[in-house]
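Structural overview
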Amino acid sequence: MESSSSFSPSSSSSPPLIPNPNPNLDQQPRLTITQLEQLKVEQKVAEIYRLLNGVSAHARSLMSELWRDKHVEFLTRGLKQLGPSYHVLDANRPWLCYWILHSIALLGEPLDTELENDVVDFLSHCEDEDGGYGGGPGQLPHLATTYAAVNTLVTLGSENALSSINRDNLYKFLLRMKDSSGAFRMHDAGEIDVRACYTAISVASILNILDYELVKDVGNYILRCQTYEGGIAGEPGSEAHGGYTFCGLATMILINEADRLDLSSLLDWVAFRQGIECGFQGRTNKLVDGCYSFWQGGVLALMQRLLPIVDKQLTSSSVSGESSLGSTCNSKSSDLSGQGSEWYIFETGKLSDVGFSFIKRHAESPPLFHTIALQQYILLCSQVLEGGFKDKPGKYRDFYHSCYCLSGLSVSQYSWSKDAGASPLPTAVLGPYSNLLEPVHPLYNVVLDKYYISHEFFSRS
Ligand SMILES: [Zn+2]
């Protein structure tokens, strides 16, 4: 990373980082496979950035352009027809809807009504009669595809889309997935993990059906998943991981228990996941990957609104000489009475309003990562000029990486905005200002305007 002065958005005119261009692979003794792969990635990225540095400012701006039309073409085509290689995702069809439609929404492109109605109709065939959505018509309801289906319908945002969700049955499905430990399982007799907790809580929150019965003890489970490194693992005893850290932190915020986590060590862990390639890695000593632009970048966007809690934790631990977390945990674990608590529930005391209150808070600090560097990685190393995004140079594009690269790009473009969704200065956007995407609500990863529409819709009942 560069010095703190490079966090100024004015650094957008000069590309920030160039990895070592000459690692001399043949002369490296006894390297592991991952180390060799890392050096190869650094070489490829360095070639791209050297090229960028060697051209005029005008050409640099062109090289950093977001190829909107190509992306819309690639995405829209995928919505209508997929190639045979996609058969492996037959149990993930609501995910394909979400990845594609969320990407199109981020690009600010409208969808024609016929296509929108087709998607609503398709998802209603995936909805189980006892609640929840399966991976396709007739498939077992599953929390991951339920999250994808609900986020898709919120992204569509029409009365038809939002009213198609049977919230009473969905609530029953969520209760059925709740384990006696407080955590959730992905499907009947399925695995319990942090992803299940997040998808259940996120869906309940956005649909305004989150209550203390669903929340009870889920925070205790997430706490057991925070590791010695500071990040959050998929389940207790596993390794800290970017996707699970996003899921765990977002869950703790949505249930109003974020202050129970050791937030300063979590912040430390995530901040150091942005590497010399300018993008994020998912775990310590792993390769950079475009999808972590959102999983890790999203965590840092959330942390911008949690800094008062970090300060409080650090102050109380320096006063007492020990971690504040034990006492915080004890006091909060008995605070599930429905009374709400100090940070987000200001007016109604309703758990479902935490997501709304959270996004209305000011970001308390400048970005906690190098936002221009991340945009550089996404646009230069992940973007495919024929449309779509990929993990890293040398890989192929896909809809999953397109969704999370665009989501991460949006988060990094708006990270200098104190108020959610406020237009950023041109210096905060790498490349031409036309690269600016729609802002997202980082707790749910849906476009902010769509979130507001659904919040209003589901608050009525
Ligand atoms: Zn990835």
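Note that the structure is predicted; figures quoted are calculated from it, not measured. (Residues numbered from 1 in each chain as written. Predicted model: local features only at pLDDT ≥ 70, side-chain atom pairs only at ≥ 80, totals over all residues.)

1. Let's talk about the overall build of the protein chain
- Scanning the protein chain from terminus to terminus reveals 20 helices and 4 strands.
- Expressed as a percentage of the 461 residues in the protein chain, the buried residues total 49%. (Helix = DSSP H or I, 4+ residues; strand = E, 2+ residues; numbered from the N terminus. Buried ≥ 20, exposed ≤ 12 C-beta atoms within 10 Å, placed from the backbone.)

2. With respect to the nonpolar core
- Cys197, Ala200, Leu249 and Ile253 are the most contacted members of the largest nonpolar core, which has 126 residues in total.
- The element that contributes the greatest number of residues to this core is helix H4 (residues 93-106), accounting for 10 residues.
- For Leu249, the contacting residues outside a window of four places in its chain are Ile232, Ala258, Leu261, Leu266, Val299 and Leu302. (Core = buried A, V, L, I, M, F, W, Y, C linked by C-beta atoms within 7 Å. Contact = placed C-beta atoms within 7 Å.)

3. Some details on unusual backbone geometry
- Phi angles above zero are rare outside glycine, and Asp217 is one such case at about 70 degrees.
- Structurally, Asp217 can be placed in the loop between helix H10 (212-215) and helix H11 (218-225).
- On the basis of neighbour counts, which here come to 15 C-beta atoms within 10 Å, the residue Asp217 falls in the partly exposed class.

4. Some details on the confidence of the model for the protein chain
- Residues at a pLDDT of 70 or more form 88% of the protein chain, whose mean pLDDT is 90.
- Low confidence marks residues 1-15, where pLDDT is under 50. Its contacts with residues over four positions away, or in another chain, come to 26 contacts.
- Every residue in residues 326-341 scores below 50 in pLDDT, and together they form 17 contacts with partners more than four places removed in sequence or on other chains. (pLDDT = per-residue confidence, 0-100.)

5. Comments concerning helix H14 (residues 292-303)
- Look at H14: 16 Å from first C-alpha to last across 12 residues, which is about the 16 Å you get at 1.5 Å a residue.
- With 12 of 12 residues buried, H14 lies mostly within the body of the structure.
- Along H14, the residues classified as buried are Tyr292, Ser293, Phe294, Trp295, Gln296, Gly297, Gly298, Val299, Leu300, Ala301, Leu302 and Met303.
- Looking at the packing, one finds that the buried side of H14 touches helix H12 (242-254), helix H13 (263-271), helix H18 (371-382) and helix H19 (399-413). (Expected span 1.5 Å × (residues − 1).)

6. As for helix H6 (residues 143-156)
- The terminal C-alpha atoms of H6, which comprises 14 residues, lie 20 Å apart, in line with the 20 Å expected from a rise of 1.5 Å per residue.
- The buried count for H6 comes to 14 of 14 residues, which makes it a mostly enclosed element.
- A positive backbone phi angle near 80 degrees is found at Gly157, which sits one or two residues after H6.

7. A few points about the packing of helix H9 (residues 194-206) against H12
- H12 packs onto H9 with a crossing angle of 40 degrees between their chain directions and a minimal axis gap of 9 Å. On the basis of the axis angle, H9 is oblique to H12. For the element pair H9 and H12, the recorded crossing hand is left-handed. Each of Val194, Arg195, Cys197, Tyr198, Ile201, Ser202 and Ser205 in H9 lies in contact with H12, whose residues at this interface are Tyr244, Cys247, Gly248, Ala250, Thr251 and Leu254.
- Its residues placed into classes, the contact of H9 with H12 shows 8 nonpolar, 4 polar and 1 charged. (Axes fitted to C-alpha atoms, helices over the stretch in contact; angles between N-to-C directions. Parallel < 35°, antiparallel > 145°, perpendicular 65-115°, else oblique. Left-handed = near helix turned anticlockwise from the far one by under 90°. Nonpolar A, V, L, I, M, F, W, Y, C, P; charged D, E, K, R; others polar.)

8. Notes on the environment of His142
- Along the chain, His142 turns up in the loop between helix H5 (113-126) and H6.
- What makes His142 buried here is the crowd of 27 C-beta atoms within 10 Å.
- In the structure, His142 is positioned 45 residues away from His187 in sequence and 4.8 Å away in space, judged by C-alpha atoms.

9. Concerning the packing of helix H3 (residues 68-80) against H4
- Following both chains from N to C, one finds H3 and H4 inclined at 145 degrees, their axes separated by 9 Å at the closest point. Both H3 and H4 take part in a crossing whose hand is left-handed. Within the contact between the two elements, H3 uses Val72, Leu75, Gly78 and Leu79 and H4 uses Ile100, Ser103 and Ile104.
- Tallied by class, the residues present in the contact of H3 with H4 amount to 5 nonpolar, 2 polar and no charged.

10. Some points on the environment of Leu287
- Structurally, Leu287 can be placed in the loop between H13 and H14.
- Its 18 C-beta neighbours within 10 Å are what place Leu287 among the partly exposed residues.
- Considering only alpha carbons, one finds Leu287 and Gln35, 252 residues apart in sequence, at a separation of 9.0 Å.
- Non-local contacts of Leu287, meaning those with residues more than four positions away in its chain, are made with Glu37, Gln38, Val41, Gln281 and Lys392.

11. With respect to the environment of Ser265
- Take Ser265: it is sitting in helix H13.
- A C-alpha to C-alpha distance of 8.6 Å links Ser265 and Tyr228, two positions 37 residues apart in sequence.

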